[in-house]
Amino acid sequence: MWQQLAKFVIKNRVVLLIVLLLSTAVMGYFASKVKLSYEFSRAIPTDNPKYKEFQSFKSKFGDDGNMLVMGVKSPDFFGLKNFQAYQQLLARFKKIPAVEDILSVPGAINLQKDSATEKLNAVKIFPDTIQSQEQLDSLQTVFRNLPFYHSLLYNPEANAYLTGVHINKEVLASPARSKVIAAIDSAVVQYKNQTGIETHLSGLPLIRTVVADRIQKEMKLFLLGSLAFSVLILLIFFRSISTTLLSLAVVLIGVIWTVGLIYLCGYQITLLTALIPSLVVVIGIPNCIYFINKYHTSYIQTGEKEQSLVNMVSKMGVVTLFCNITAAIGFAVFALTKSAILKEFGVGAGLSIMVIFFVSFILLPSALSFLPAPKKNQLKYLESKWIISVLTRLETWAFHHKGAVLGTTALVLVAAIIGITKLKTVAFIVDDLPKTDVVYTDLKFFETNFHGVMPLEIVVDTKKRNGLSGMRALAVYEKVDSLAQFISGRKEMNRPLSIAEGLKFAKQAFYEGDSSNYLLPNSFDGAFVGEYLRPNKGQEQNNFTKMLHSFMDTSRQSTRISISMADVGTKALPILLDSIRYRADQLFDSSYKVTLTGTSISFLEGSRFIINGLKESIFWAFLLIAICMLYLFRSFRILICSLIPNLIPLVITAGIMGWAGVPLKPSTVLVFSVALGIAVDITIRFLVNYKQVLPEQGYNVEAAVKATIRQTGLSIIYTSLVLTAGFVIFCASSFGGTFALGWLTSVTLLTATITNLLLLPVLLLLFNKKPGKQLS
């Protein structure tokens, strides 16, 4: 069949090339329309309870992740010139169209009691124009007498001050947000240059924007880097510009199809899908190496170009097909998970890898048939002295030192298993950023001075419409305040903000601003305070009343408690949440429903879901690849021989992670499925060649193993170098997860090369009980 396919491709090469080029042009059009994703990780499926709770929260109270925060730390913050510069900075913020609201010290309000109207009037503490230092000092005293703002907008012990900038959520979901963040950053730099005060920016809008923009930049970097490394190795390998350019054409067409498929599938470029084009390059180049290597070896044997091309396709077609199928399985199993971000990566990568097979299958024999026969200097690589020396040593070890090979393997496995016991499963929202990155260091500034900026929300549902109306609501707010006091005692969390805090502020104002009355209203003064809080008809809401209303749903049934917390990681967060849940259950009986939600909860659930999904995907990948191997070789003995050399590298990599302190998290668990799918390629190519030469060697296993090492060893080594170089380029990433994917996958592939060229021959020889008989 494969010989007929080979002849068909060569006979219809012109038509096939035209179809390939025209279809690639169409895919290029679709590729140009692909967009960058501005959504945060969509790791949780839509039917997950945590996802539903978060969506319910957002429908009632709005998004919790649209506030960017700016922080400064200076004992001279209230110096007249510095403060005026800060006011000018906020004025520049307000001119940015997407900025909806600003919470800041200069914009802070005080509540003043108006006995005549029996209302509390919101009065701005700091006027837009301040004439003297004496006036500013007096206003500062008023501000510091208001406990409501303590730890919310300033930390007096650290002389740190915070400003919150609310950004339009539609803008945050569009490419325009990069310009908004850049405008804010530009204004902050101007303030810094004017005052010399160090500034810090953080918050989910900033983190998401920085991550998305870097993805776009790094996608281009990795693609160009992968191509550059591949071209260099191909030039060294084949010593032919035309052959190198042909291989380059294969992967470039594959990349165009990849990006086009991402668009046609309705996907966007995310942190994961951005890796697919580079993976296509890494996987496409070995296809070229094996095809062209077989073409050259056949040409040396036959001296006829056309027959060599037929041999190339007939011999390597089935091998490359199954290699690409197993590689595609390694990625496509992610599509079996319910996680949208993993499913997109799995579908995109799986389809792209199969496309690169068909591109190789059509383009290589068609183009090579138009090119002149290979020259003598282009075939010199087949007699590479250093590779022949390496293969000779491997052959010696496999045949004469089986015990040493098995013993060394056992010792390495023991060390790896000990390392696996040291593995930890933990992830942080920003742990993929370098510890020296300004985004990371600025986040730590807010964690040090304001306990963090990661949002956590608690929703208290009374299960009754208007359950938060009238005096009966005071009992609810007392429970809310008790829970808030408990949370305030946790060092990882800032003082929560709730309606209870607003009522305390109102009571302080009712008692003429006496800070000792910053307490919840009781049954005696609650009615009076409540009357003062009720707005007049037609009166416009001020920032304070807006804040109060934003903490209660329209049916007055549910209220929220908003907490800013540190990025404590997936190991510590469940413990914190359990303690909050325990305290909430003590305070609220079954007549209430208390829900913990927000971005922090979504991240925790998403991390769990991705890690569990990836563990499942490894199992399915291993099972499906085993089925493919069994179908291909029709031998349980060879199946066992093939799986062991691929399982060992995964165990060794896990052990290295344990010893090196690399935790299991979504970005590192990905390594195992990726490496398994690619490493099995080496095994397939070795064993297919073994099955092909076995009859030629009179079914003498030893002779067949020797011939296979010599025939496939060279291309396997060069392919491993290409794969390793392709993944090493990921080490240039500023994301820790992508960096880990680069070096861990490279280590796995190098280990797999050694096990397949050394341990696999040993296993084949050991399973051959009767020399001279076929292993089956």
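So, how was this worked out
The numbers attached to residues start from 1 for each chain and follow its sequence in the written order. Only residues with pLDDT of at least 70 get local features here, since the model is predicted, and only at 80 or more are side-chain atom pairs given and counted; chain-wide, interface and lining totals rely on the full set of residues. Excluded from the side-chain calculations are hydrogens and water; all other atoms, namely the structure's heavy atoms, are used. Under the scheme used here, helices are H or I runs from DSSP no shorter than 4 residues and strands are E runs no shorter than 2 residues, and both carry numbers assigned from the N terminus. Only protein chains enter the area calculation, which uses a 1.4 Å probe; residues under 20% of their type maximum are buried, those over 50% are exposed, and those in between are partly exposed. Residues count as neighbours in contact if any of their non-hydrogen atoms are within 4.5 Å of one another. Shrake-Rupley sampling with a 1.4 Å probe provides the accessible areas, and residues are treated as covered by the protein chains on show and by no other component. A positive count includes Lys and Arg, and a negative count includes Asp and Glu. His and the chain ends are not counted in either. Charged side chains are reduced to one point each, which is NZ for Lys, CZ for Arg, CG for Asp and CD for Glu. In protein, a polar contact requires one atom able to donate a hydrogen and another able to accept it; more generally it is a pair of N or O atoms within 3.5 Å, and residues adjacent in sequence count only if both atoms are side-chain atoms. A pairing counts as a salt bridge when a side-chain nitrogen of Lys or Arg comes within 4 Å of a carboxyl oxygen of Asp or Glu. Two strands pair if DSSP finds at least two bridges between them. Here the axes come from fitting lines to C-alpha atoms, over the contacting stretch only for helices, and the angles between their N-to-C directions go from 0 to 180 degrees. Note on terminology: angles under 35 degrees are roughly parallel, angles over 145 are roughly antiparallel, angles of 65 to 115 are roughly perpendicular, and the others are oblique. Each residue gets one label: Ala, Val, Leu, Ile, Met, Phe, Trp, Tyr, Cys and Pro are nonpolar, Asp, Glu, Lys and Arg are charged, and the others, such as Gly, are polar. Expected span of a helix, by definition, is 1.5 Å for each gap between consecutive residues, and there is one gap fewer than residues. Note that a disulfide, as used here, is simply two cysteine sulfur atoms within 2.5 Å. Residues grouped as a nonpolar core are buried Ala, Val, Leu, Ile, Met, Phe, Trp, Tyr and Cys residues, joined through side-chain atoms within 4.5 Å. Stacked, edge-to-face and tilted labels apply to pairs of Phe, Tyr and Trp rings (six-membered ring for Trp) whose centres lie within 6.5 Å, assigned for plane angles under 30 degrees, over 60, and everything in between, in that order.

> Describe the overall build of the protein chain, with residues and values.
Each helix and strand in the protein chain was counted, giving 25 helices and ten strands. With respect to the principal axes defined by its C-alpha atoms, the protein chain has extents near 110 × 50 × 45 Å. Every one of the 776 residues in the protein chain was classed for burial, and the buried ones make up 58%. Counting contacts in the protein chain only where the partners sit at least 6 residues apart, residues at least 24 apart contribute 79% of the total. As presented, the protein chain carries roughly 32600 Å² of accessible surface, and 60% of it is formed by carbon and sulfur atoms. Separation of charge centres in the protein chain, based on 74 positive and 50 negative side chains, amounts to 13 Å.

> I'd love a proper account of the side chain of Gln-87, names of residues and values included.
In this fold, Gln-87 is placed in helix H4 (residues 80–94). Classification of Gln-87 by relative accessible area gives buried; the value is 14%. Here Pro-127 takes part through its backbone oxygen, which lies 3.0 Å from a polar atom of the side chain of Gln-87. Setting aside its immediate chain neighbours within four residues, Gln-87 contacts Pro-106, Phe-126, Pro-127, Asp-128 and Ile-130.

> Break down the environment of Thr-745 for me, with residues and values.
With respect to the element layout, Thr-745 can be found in helix H25 (residues 736–767). The exposure class assigned to Thr-745 is buried, which follows from its relative accessible area of 0%.

> Could you give an account of the pattern of salt bridges, with specific residues and numbers?
Going through the model one piece at a time under the given rule, you end up with ten salt bridges. Across the pair Lys-124 and Asp-128 runs a salt bridge, and its minimum N-O distance is 2.8 Å. When the shortest N-O distance is used, the salt bridge between Glu-447 and Lys-444 registers 2.9 Å. Separated by three residues within a single helix, Glu-447 and Lys-444 lie in helix H15 (residues 438–450), roughly one turn from each other. Owing to a relative accessible area of 16%, Glu-447 belongs among the buried residues under this scheme. Bridged by salt links that share partners, the residues Asp-481, Arg-495, Glu-501 and Lys-504 form one connected network.

> Give me the lowdown on the sheet that holds strand S10 (residues 593–597), citing residues and values where you can.
Whether parallel or antiparallel, the strands of a sheet pair through hydrogen bonds between backbone atoms. Pairing in this open sheet of three strands is antiparallel, and the strands run S9-S8-S10 from one edge to the other. Both outer strands of the open sheet, strand S9 (558–565) and S10, are each paired with one neighbouring strand and no more. Strand-to-strand twist across the sheet, computed as the mean angle between neighbouring axes with direction ignored, equals 15°. By the bridge criterion, five bridges tie strand S8 (residues 454–461) to S10 in an arrangement that is antiparallel. Opposite Ile-458, over in S10, you have Leu-596 as the bridge partner. Strands in contact with helix H16 (residues 473–488) are S8 and S9; relative to S9, the strand with the most contacts, it is inclined by about 10°.

> Describe the packing of helix H21 (residues 599–633) against helix H23 (residues 666–696), naming the residues involved and giving the relevant values.
For the pair H21 and H23, the least separation of the axes is 9 Å and the interaxial angle reads 5°. In this view, H21 runs roughly parallel relative to H23, as classed from their interaxial angle. For the contact of H21 with H23, the residue count by class is 19 nonpolar, five polar and two charged.

> I'd like a rundown of helix H17 (residues 499–510), residues and numbers included.
The end-to-end C-alpha distance of H17 is 16 Å, a good match for the 16 Å that twelve residues give at a rise of 1.5 Å each. Of all the twelve residues making up H17, twelve are buried; the element is thus mostly covered by neighbouring parts of the structure. Following H17 by one or two positions, Glu-512 has its phi on the positive side, about 60°.

> Requested: an account of the state of the cysteines, with residues and values cited.
On inspection of all chains with the given rule, the structure shows zero disulfides. Cys-628 provides the cysteine sulfur closest to Cys-323, a residue in no disulfide bond, and the two sulfurs are 11 Å apart.

> Go over the nonpolar core with me, naming the residues and quoting the values.
Of all hydrophobic cores here, the largest spans 264 residues; its most connected members are Phe-93, Phe-126, Tyr-149 and Ile-184. Per element, the largest residue contribution to this core is 18 residues, and it comes from H23. In this structure Phe-93 touches Met-70, Val-99, Ile-102, Val-165, Ile-184, Ala-187 and Val-188, once residues within four positions along its chain are discounted.

> Which residues make up the packing of aromatic side chains, and what values do they have?
Each aromatic ring pair is described using two quantities: the centre-to-centre distance and the angle formed by the ring planes. Inspection of the entire model under this criterion finds 30 aromatic pairs. Taking 5.4 Å as the distance between ring centres and 25° as the angle between the ring planes, the aromatic pair formed by Phe-143 and Tyr-149 counts as stacked. Judged on exposure class, the residue Phe-143 and its partner Tyr-149 are both buried. Each ring, one from Tyr-149 and one from Phe-505, has its centre 5.9 Å from the other, and the planes form 80°; the classification is edge-to-face. Pair noted here: Tyr-149 is in the loop between helix H5 (133–144) and strand S5 (154–155) and Phe-505 is in helix H17, with a separation of 356 residues, a long-range link.

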